[in-house]
Amino acid sequence: AVTTDAGCPTTVWGRDPEIVRSIASDHANPRYLPGVELPEALTATTDAVGAVSGADVVVVALPSKVLRRTVAPLAAHVRPDAVLVSLSKGVEHGSDRRMSEVVAEAAGVGRDRVAVVSGPNLAREIAARQPTATVVAATTPEVAEQVAAACSTDYFRPYTNTDVVGVEIAGAMKNVIALAVGMAVGLGMGDNSRASIITRGLAETARLGAALGADPQTFAGLAGMGDLVATCTSPLSRNRTFGEELGRGSTVEEVVARTRQTAEGVVSCGSLLHLARSLGVDVPITEAVTAVVSGGLRPEDLARLLLSRARKPEVE
Ligand SMILES: NC(=O)C1=CN([C@@H]2O[C@H](COP(=O)(O)OP(=O)(O)OC[C@H]3O[C@@H](n4cnc5c(N)ncnc54)[C@H](O)[C@@H]3O)[C@@H](O)[C@H]2O)C=CC1
Ligand SMILES: O=C(CO)COP(=O)(O)O
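Within an unreviewed UniProt entry, the label attached to the chain reads Glycerol-3-phosphate dehydrogenase [NAD(P)+], and the organism entered is Aquipuribacter nitratireducens. UniProt's Pathway (unreviewed entry) comment on the chain is quoted here verbatim: "Membrane lipid metabolism; glycerophospholipid metabolism." Here the chain is described in UniProt, under the heading Subcellular location (unreviewed entry), as follows: "Cytoplasm".

See below:
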């Protein structure tokens, strides 16, 4: 919808013929965006090859788990000069690859042709055209600017950045931190606990980013603090809501069974922990969340575990 509003003819691909028909004919997606009116100019198709063939920008908005296998069959149909854009927030299980790396590999294109859009961008609020800002990151300013121009509207303001690593690590980590905040809320903890987890979550995100060569300033920006605050404080966040249900006593399996959409933090906390350990980076909140998700720790023991760690300087 944003690219359509930005004046770019846009086609959405979907697997479910009923949803595709509804987007194309009724300008609505009652399953995912009830009550939202989509732009009349937005078209939709179940033909993925038709959707990507000829497109100069291909936007990939898939759960991290299915990204590689969904993009790979389309590789031969992507225009050689097309730019691919990843909206996905996670780290691939098994390879620890960032989403833009997975897109580049699956599509068989250079990393300089893959951009990332990430920021405080809850889908429902954007669909309702509520004002927000975001970050478009690409290895070159030219590609970032091309994508920014394609999604710039009077309610959606993109800022460009060439720190792809920082933007993606921030987007993946904030989901894990939102799970921890959700657990605290579900357990009845208040604003001090929430703010402490958000702030120390940002500290461990920046530490991991630094070890991967990210620009420290990215973490104070929209894709860092901005998205972290939006996700950790919004009832619209699937990750925070998932954490809340864990905090109230549900098991991971029970919440997964009840949830139709993806809570990426559950999928990627283990990979992020693995990545951090391989670099010798301390990520205590991610470690605790991974322990809860894998069944090795009860949410009610999470605070005690984090607070009993050895004292240390705030800034190291
Ligand atoms: N929903 C949101 O507010 C935002 C989501 N993101 C990120 O975007 C990514 C996608 O998120 P959502 O759209 O919310 O996820 P979702 O769980 O709603 O799924 C997105 C779409 O992928 C389709 N899909 C699922 N499995 C598939 C498969 N095997 N093959 C092809 N398509 C499949 C689903 O049918 C759905 O239409 C995630 O990484 C998320 O972190 C980023 C910013 C905001
Ligand atoms: O990434 C998001 C907002 O920027 C969406 O968060 P959730 O995946 O937790 O719903």
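Moving on, we come to the packing of helix α8 (residues 164–186) against helix α10 (residues 222–233). Between two packed helices, what matters for the description is the angle formed by their axes and the separation of those axes. Contact geometry of α8 with α10 gives a least axis separation of 9 Å together with a crossing angle of 25°. What the angle tells us is that α8 and α10 run roughly parallel. For the pair α8 and α10, the crossing hand works out as right-handed. Contacts between α8 and α10 involve Val167, Ala170, Gly171, Lys174, Asn175, Ile177, Ala178 and Val181 on the former and, on the latter, Ala223, Gly224, Asp227, Leu228, Thr231 and Cys232. Taken together, the residues that form the contact of α8 with α10 break down as 8 nonpolar, 4 polar and 2 charged.

A few words on unusual backbone geometry. Despite not being glycine, Asp96 shows a phi value in the positive range, around 55°. Its identity as a non-glycine residue notwithstanding, Arg129 has a phi of 60°, on the positive side.

Further remarks concern the confidence of the model for the chain. Chain-level statistics for the chain give a pLDDT mean of 97 and a share of 100% at 70 or above. Predicted complex metrics record ipTM = 0.97 and pTM = 0.97.

In this section: helix α15 (residues 299–307). Within α15 the residues assigned to the buried category are Pro299, Asp301 and Leu302. One side of α15 carries all its buried residues, which in axial view fall inside an arc of 130°. Residues of α15 that are exposed and angled more than 90 degrees away from the buried face: Arg304 and Leu307. Residues of α15 that are buried make contact with α8, α11 (238–247) and α14 (284–293).

A separate point is the site of ligand 1. Surrounding ligand 1, one finds 19 residues, the nearest of these being Ala123, Arg238, Gln261, Thr262 and Glu264. Note that an oxygen atom of ligand 1 is positioned 3.0 Å from one of the side-chain N or O atoms of Arg15. Between ligand 1 and Ala123 there is a distance of 2.8 Å, counted from an oxygen atom to a backbone nitrogen or oxygen. For ligand 1, the protein covers 76% of the area, taking 810 Å² as the surface of the free molecule. Counting residues per element, the shell around ligand 1 draws most heavily on helix α4 (residues 64–71), which supplies 3 residues. The class makeup of the residues in the shell around ligand 1 is 9 nonpolar, 5 polar and 5 charged. Viewed by domain, the shell around ligand 1 spans two of them, domain 1 (2–164) and domain 2 (165–307), each represented by three or more residues.

Looking now at the pattern of salt bridges. Once the charged atoms of two side chains with opposite charge are near each other, the side chains can pair. Throughout the structure, instances matching the rule amount to 23 salt bridges. A salt bridge links Glu18 to Arg21; the shortest N-O distance between them is 3.2 Å. You can see Glu18 and its partner Arg21 sitting in helix α2 (residues 17–26), 3 residues apart, about one turn around the helix. The exposure class assigned to Glu18 is partly exposed, which follows from its relative accessible area of 46%. Accessibility expressed as a relative area gives 38% for Arg21, which makes it partly exposed. The shortest N-O distance in the salt bridge between Arg68 and Glu105 comes to 3.0 Å. You can see Arg68 sitting in helix α4 and its partner Glu105 sitting in helix α5 (residues 99–107), a full 37 residues away along the chain.

What follows concerns the UniProt feature "active site" (unreviewed entry) in the chain. Feature annotation in UniProt places "active site" (unreviewed entry) on Lys174, given in this structure's numbering. Mapped onto the elements, Lys174 comes out in helix α8. Setting aside chain neighbours within four positions, we find Lys174 in contact with Lys89, Asp227, Leu228 and Thr231.

Calculation criteria
Residues numbered from 1 in each chain as written. Chains lettered and ligands numbered in written order. Predicted model: local features only at pLDDT ≥ 70, side-chain atom pairs only at ≥ 80, totals over all residues. Heavy atoms only, no water. UniProt positions renumbered as here; feature names shortened; annotations may be inferred. Axes fitted to C-alpha atoms, helices over the stretch in contact; angles between N-to-C directions. Helix = DSSP H or I, 4+ residues; strand = E, 2+ residues; numbered from the N terminus. Parallel < 35°, antiparallel > 145°, perpendicular 65-115°, else oblique. Left-handed = near helix turned anticlockwise from the far one by under 90°. Contact = heavy atoms within 4.5 Å. Nonpolar A, V, L, I, M, F, W, Y, C, P; charged D, E, K, R; others polar. pLDDT = per-residue confidence, 0-100. Buried < 20%, exposed > 50% of the residue type's maximum accessible area, 1.4 Å probe, protein only. Arc of directions from axis to C-beta. Near = heavy atom within 4 Å. Polar contact = N/O pair within 3.5 Å; in protein donor to acceptor, adjacent residues only side chain to side chain. Areas by Shrake-Rupley, 256 points an atom, 1.4 Å probe, with all protein chains shown as cover. Domains from an automatic or database assignment. Salt bridge = Lys/Arg side-chain N within 4 Å of Asp/Glu carboxyl O.

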